Amino acid sequence: MLNEADSEIILDVGSGYCKAGFSHEDVPSVVFPTIVGRPISEDVLPGVALDEKFIGNEAKLRKDALTFSAPVRRGIVQNWDEWMGVVDHVLNMEMKIERDDFGIVLPQPTTTNRESLEKIAEMIFEIPKVNRIFLARSAPMALHAFGMTSGLLVSIGHDVSSCVPVLQGNVLEEGIRELNIGGSDITQTLKMLMKEQKPTLSSFRNFFHDDITKAMMERLCYVMVNENRDSRTSPRPRTYSLPTGGTVNLGRERFLAPEILFKPGLFGDTSNAKGLQEICCESIEALRTNKGEEEAKSLCQNVVLVGGTSLLPGIPERLKSELVHLLPWLSENEITVQAPQRRQYAVWRGAAQMASLNSTKSRWTTRQDFEKYGPSVVHRKYL
Ligand SMILES: Nc1ncnc2c1ncn2[C@@H]1O[C@H](COP(=O)(O)OP(=O)(O)OP(=O)(O)O)[C@@H](O)[C@H]1O
Ligand SMILES: [Mg+2]
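What UniProt states about the chain under its Sequence similarities (unreviewed entry) heading is, verbatim, "Belongs to the actin family."

Novice: Help me understand the site of ligand 1, please; the structure alone is not making it clear to me.
Specialist: Every one of the 19 residues lining ligand 1 counts as a neighbour, but Ser15, Tyr17, Lys19, His158 and Glu218 are closest to it. A distance of 2.8 Å is found between an oxygen atom of ligand 1 and a backbone nitrogen or oxygen belonging to glycine 308. Bound to the protein, ligand 1 loses 85% of the 650 Å² it would expose on its own. Taken together, the elements giving at least two residues each to the shell around ligand 1 come down to strand 2 (17–22), helix 5 (183–193) and helix 7 (206–220). In terms of residue count, helix 7 provides more of the shell around ligand 1 than any other element does, three residues in total. Grouping the constituent residues of the shell around ligand 1 by class yields five nonpolar, ten polar and four charged.

Novice: I keep staring at helix 2 (residues 80–94) and nothing clicks. Help me out?
Specialist: Every α-helix carries 3.6 residues per turn, so stepping three or four residues along brings you back to the same face. End to end, helix 2 covers 20 Å across 15 residues, agreeing with the expected 21 Å (1.5 Å per residue, within 8%). When we look at burial in helix 2, the residues that qualify are Trp80, Glu82, Trp83, Met84, Gly85, Val86, Val87, His89, Val90 and Leu91. N-cap assignment for helix 2: the residue whose side-chain oxygen lies 3.0 Å from the backbone N of aspartate 81 is asparagine 79. Looking one or two residues past helix 2, lysine 96 carries a phi angle of roughly 50°, positive in sign.

Novice: How should I be thinking about the nonpolar core in this particular structure?
Specialist: Counting residues in each nonpolar core, the largest one holds 46 residues, and the members touching the most others are Val154, Met216, Leu276 and Leu319. If one sorts the elements of this core by residue count, helix 10 (residues 276–291) sits on top with six residues. For this core, the domains that each give at least three residues are domain 2 (151–181 + 272–343) and domain 3 (183–261). Excluding its chain neighbours within four sequence positions, the residues that come into contact with leucine 319 are Val154, Phe262, Leu276, Gln277, Cys280, Val303, Leu305 and Val337. Residues Cys18, Phe32, Ile104 and Met123 belong to the second largest nonpolar core, which totals 37 residues.

The rules behind each value
Residues numbered from 1 in each chain as written. Chains lettered and ligands numbered in written order. Predicted model: local features only at pLDDT ≥ 70, side-chain atom pairs only at ≥ 80, totals over all residues. Heavy atoms only, no water. UniProt positions renumbered as here; feature names shortened; annotations may be inferred. Near = heavy atom within 4 Å. Polar contact = N/O pair within 3.5 Å; in protein donor to acceptor, adjacent residues only side chain to side chain. Areas by Shrake-Rupley, 256 points an atom, 1.4 Å probe, with all protein chains shown as cover. Helix = DSSP H or I, 4+ residues; strand = E, 2+ residues; numbered from the N terminus. Nonpolar A, V, L, I, M, F, W, Y, C, P; charged D, E, K, R; others polar. Expected span 1.5 Å × (residues − 1). Buried < 20%, exposed > 50% of the residue type's maximum accessible area, 1.4 Å probe, protein only. Core = buried A, V, L, I, M, F, W, Y, C linked by side-chain atoms within 4.5 Å. Domains from an automatic or database assignment. Contact = heavy atoms within 4.5 Å.

Right under this line is the structure:
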């Protein structure tokens, strides 16, 4: 049994939330919003320099005095200095690592590229006590959390969703599909739909007004299982109590806001983006073309939902019924959409499990490797 002294550090810096902890733990012990705040003006926080950064919950505590930015958007790092600020915050302020040397596992989204991988290695090896890193794709890691090596991983995160076929631990590149919609877009849609009730909410600065809407979204939204039937009904309004007093009522907004996952154009988005069911369908068709119908059928028995936004009730049932409709060569019982427990932490948990496997030992990049061969050494280890 591993303990803290010999376990690895797992760091999943998502667009919305940073998830971190030791590999011997079952779930991440550190979870905070991936936000960076800087003072609005010189005198707003006495004794604090203008370029000082506040990270995650520290930033939230000083919300009225800061301007905010998100170092990661749609899975892509926007500002490396801020990203490193998040990493430092995790290691020094949250986990308070005191060991002389340690390894870090950094699961990577499908959107990552060669430059990002090298930059991560460069930045992380600037931390003197880090002596090895393990960069790996998040999709096989997420499946590993549920004891699986093959499956169609459907991830619905903060601002990006993706569909990734994984066969015996390997990603089928041709089958990767992405959609720039996640929980933050559902929250924005809910906010727009609730504009009638806005006066109650207008006392909050924009960012934290979003925070309240996000909490409402997580608590009260759901996905229609049968759009034709359910869209004609009006659910009993649910009341949400605001943290500062007062209430707002949510009715049809509860299912209309999440509907953008399946119909991105519902409220005027003109980007012609495909819905979640369509990217899944394309991914399965790509698999069928590249690996044959039997392999595609076998993966359709393991369509696995992960990511925080996949917690919305109704998603597994709706996705299954959409796929049955879109894929006539598959019968209803040939598609199984799984929504396992603790799927919001699947990437982190799978990374924690894989970190200590003998079979992944060769995939770590050591400090010696990095110093000898330079940052591009990470590609040799990245599958
Ligand atoms: N119970 C819930 N119901 C619906 N959505 C939820 C729930 N809990 C969290 N979320 C949403 O999940 C999102 C965060 O999920 P996750 O941590 O998987 O994303 P991320 O890794 O930060 O982002 P990404 O993978 O897009 O880079 C947020 O948008 C949040 O509002
Ligand atoms: Mg994520």
